Amino acid sequence: MLGDQKVVFSGVQPSGNLTIGNYLGAIKNFAAFSEEYRCFYCVVDMHAITVRQVPAELRRRTYETLALYMACGLDPEKNTLFVQSHVPAHAELAWMLNCYTMFGELSRMTQFKDKSAKHADNINAGLFTYPTLMAADILLYQTDLVPVGIDQKQHLELARNIANRFNQAYSPTFVVPEPYIAQSGMKIMSLTEPTAKMSKSDPNPNAVVYILDEKDTILRKFRRAVTDSGSEVKYEEGKDGICNLISIYRCLTGKSIEEVEREFTGKGYGDFKNACGEVCADTLAPVREEFARLNADKAYLESVMKKGAEDASRAAARTLTKVKKKLGFVV
Ligand code: ATP
Ligand code: LTN
């Protein structure tokens, strides 16, 4: 809560081109909160440097992620849209919370284990303490609700533990946040390897549909998607490929599994893949157009970032001062 308003916070890393996993699992759900909640949506560039980035690309993607937030319906008048590194309070609180986070807890994080396996030559301390920075992002704003994909549930649990630990050691300081995991888009899988999460840093572009892909590309990727033996469009355990496509189609159309199965009774995988591609391309077309318009106007994006950083800094300062006083810092 900030004042008498409940708070929503979420973040996306500018670590690659955004995918329909990011869209369906997270960003698509963000706009709905802004009537009822005080919403903060952050481009988490400090999280992105836990793996090596090319500086010019990181800068370009930071602008692009902000433009995509807006193209997906986030109005900067109704939401605080900002860049993490513009608000130093995130790094400050992260340090303090590091001292209230246990080595064992961080060692159990599956994203750390996955990413250290993927980047074995660069298992840096930032990658290890990434979840503490994420906890700082959330706790700084006295966040009630955090909309994320299910892959982030474990990090949210850790943020809750840190908040409770601090509150118990001192006195109530942080709101203990709840995750908000949209049922339908919670985990979109890779199109070429449907047991793995669709991820924007996947080196195989055929595994991933990017929000900004052209229609032809989207149709081609769906047509080539790995499906299982058989030909019936049926949601069945063990049929990971077809289940993933049904989930994507459901999410895009708002239909139930039964409705999707009925719609494609007697039709084969080919027809279904084409339908998936069509509906995906149609849904994303307006986002792509709006993105192109916004991303061309750097001055406007900078004005949004600046105002966002000012609003966020003001809200963050209140929590940070409170924490410093409780810790015994001279403020
Ligand atoms: P990276 O590949 O760089 O780790 P990512 O694609 O996992 O990135 P993030 O920036 O870490 O993307 O995530 C932004 C949001 O998108 C998070 O809320 C995350 O849960 C959600 N998300 C990411 N991938 C998927 C997916 N495949 N299905 C559903 N939600 C997803
Ligand atoms: N860790 C998240 C991105 C992220 C985030 C956050 C999400 C950083 N800070 C705060 C929600 C709230 C990820 O890897 N998807």
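Residues numbered from 1 in each chain as written. Chains lettered and ligands numbered in written order. Predicted model: local features only at pLDDT ≥ 70, side-chain atom pairs only at ≥ 80, totals over all residues. Heavy atoms only, no water.

Visitor: Mind showing me how you'd approach the overall build of the protein here?
Guide: Helix and strand content of the protein: 13 helices and 5 strands. In terms of overall size, the protein behaves like a compact globule, its C-alpha atoms giving a radius of gyration of 21 Å where 331 residues would be expected to give roughly 20 Å. Here the protein holds 331 residues, and 52% of them are scored as buried. Sequence-distant contacts in the protein: of pairs separated by 6 or more residues, those separated by 24 or more amount to 76%. Only carbon and sulfur atoms are counted for the fraction: they give 51% of the accessible area of the protein, which is about 15,100 Å². Here the protein holds 41 positive side-chain charges and 40 negative ones, and the gap between their average locations is 4 Å. (Helix = DSSP H or I, 4+ residues; strand = E, 2+ residues; numbered from the N terminus. Rg over C-alpha atoms; globule rule 2.2 N^0.38 Å. Buried < 20%, exposed > 50% of the residue type's maximum accessible area, 1.4 Å probe, protein only. Contact = heavy atoms within 4.5 Å. Areas by Shrake-Rupley, 256 points an atom, 1.4 Å probe, with all protein chains shown as cover. Lys, Arg positive; Asp, Glu negative; His and termini not counted. Charge placed at Lys NZ, Arg CZ, Asp CG, Glu CD.)

Visitor: Even after reading the chapter, I still don't get the nonpolar core, so can you show me in this structure?
Guide: Of all hydrophobic cores here, the largest spans 61 residues; its most connected members are Y41, Y69, F222 and F272. Once you skip the residues sitting within four places of it in the chain, F272 turns out to touch V233, I242, L245, I246, Y249, V260 and F264. Counting residues in each nonpolar core, the second largest holds 45 residues, with V7, V51, F82 and M134 among its members. (Core = buried A, V, L, I, M, F, W, Y, C linked by side-chain atoms within 4.5 Å.)

Visitor: Explanation requested: the layout of surface pockets in the structure shown.
Guide: To find leftover empty space, a probe the size of one water molecule is rolled over the atoms. Size it by volume and the largest pocket reaches roughly 1,200 Å³. What lines the largest pocket is a set of 47 residues, and nearest its centre among them are Q13, Q111, D151, Q152 and K197. Here the element with the most residues in the lining of the largest pocket is helix 6 (residues 110-118); it accounts for 5 residues. In the lining of the largest pocket, the residues fall into 16 nonpolar, 20 polar and 11 charged. As a volume, the second largest pocket reaches approximately 370 Å³. If you go around the second largest pocket, you meet 15 residues; those closest to its centre are K187, M189, Y235, C243 and S247. The residue inventory of the lining of the second largest pocket, partitioned by class, reads 6 nonpolar, 5 polar and 4 charged. (1 Å grid on protein atoms, 1.4 Å probe; cavity = no way out; pocket = protein on both sides within 12 Å on 5 of 7 lines; lining within 4 Å. Points joined across faces, edges and corners; volume = space filled by probe spheres on them. Nonpolar A, V, L, I, M, F, W, Y, C, P; charged D, E, K, R; others polar.)

Visitor: What am I meant to see in the pairing of strand 1 (residues 7-12) here?
Guide: A regular strand places its side chains so that they alternate between the two faces of the sheet. Of all 6 residues that make up strand 1, 5 are buried, and the element is covered over most of its length. Alignment of strand 1 against strand 2 (residues 38-43), held across 6 bridges, turns out to be parallel. Its bridge partner lying in strand 2, S10 is registered against Y41. A crossover links strand 1 with its parallel partner strand 2, the connecting element being helix 1 (residues 20-30), and its sense is right-handed. (Pairing = 2+ DSSP bridges. Right-handed = clockwise from strand over helix to strand, strands pointing away.)

Visitor: In this structure, what is going on with the site of ligand 1? I would like to understand it.
Guide: Lining the immediate surroundings of ligand 1 are 21 residues, of which D151, K197, S199, K200 and S201 lie closest. Between D151 and ligand 1, the recorded distance is 2.6 Å, taken from a side-chain N or O atom to an oxygen atom. In the environment of ligand 1, an oxygen atom lies 2.7 Å from a nitrogen or oxygen atom belonging to the side chain of K200. In this structure, ligand 1 is accommodated by the largest pocket. Ranked by residue count, the leading element in the shell around ligand 1 is helix 1, at 4 residues. Taken together, the residues that form the shell around ligand 1 break down as 6 nonpolar, 10 polar and 5 charged. (Near = heavy atom within 4 Å. Polar contact = N/O pair within 3.5 Å; in protein donor to acceptor, adjacent residues only side chain to side chain. Sits in = over half its atoms within 2 Å of the grid points.)

Visitor: Just checking my understanding: could you explain the packing of helix 3 (residues 55-71) against helix 12 (residues 269-295) for this structure?
Guide: The relative placement of two packed helices is expressed as an angle between their axes plus a distance between the axes. As a packed pair, helix 3 and helix 12 sit with axes 8 Å apart at the nearest point and diverge in direction by 130°. In terms of axis orientation, helix 3 runs oblique to helix 12. Both helix 3 and helix 12 take part in a crossing whose hand is right-handed. Residues Y63, E64, A67, L68, M70 and A71 of helix 3 pack against V287, E290, F291, L294 and N295 of helix 12. (Axes fitted to C-alpha atoms, helices over the stretch in contact; angles between N-to-C directions. Parallel < 35°, antiparallel > 145°, perpendicular 65-115°, else oblique. Left-handed = near helix turned anticlockwise from the far one by under 90°.)

Visitor: Would you mind showing me how to read empty space enclosed by the protein here?
Guide: Within this structure, the stated rule accounts for 1 cavity of 30 Å³ or more. Empty space within the largest cavity amounts to approximately 30 Å³. Around the largest cavity sit Q111, F112, L127, Y130, P131 and H155, which together line it. Counting residues per element, the ones that place at least two in the lining of the largest cavity are helix 6 and helix 7 (125-140). When residues in the lining of the largest cavity are grouped by element, the largest group, 3 residues, is from helix 7. Among the residues forming the lining of the largest cavity, the class breakdown is 4 nonpolar, 2 polar and no charged.

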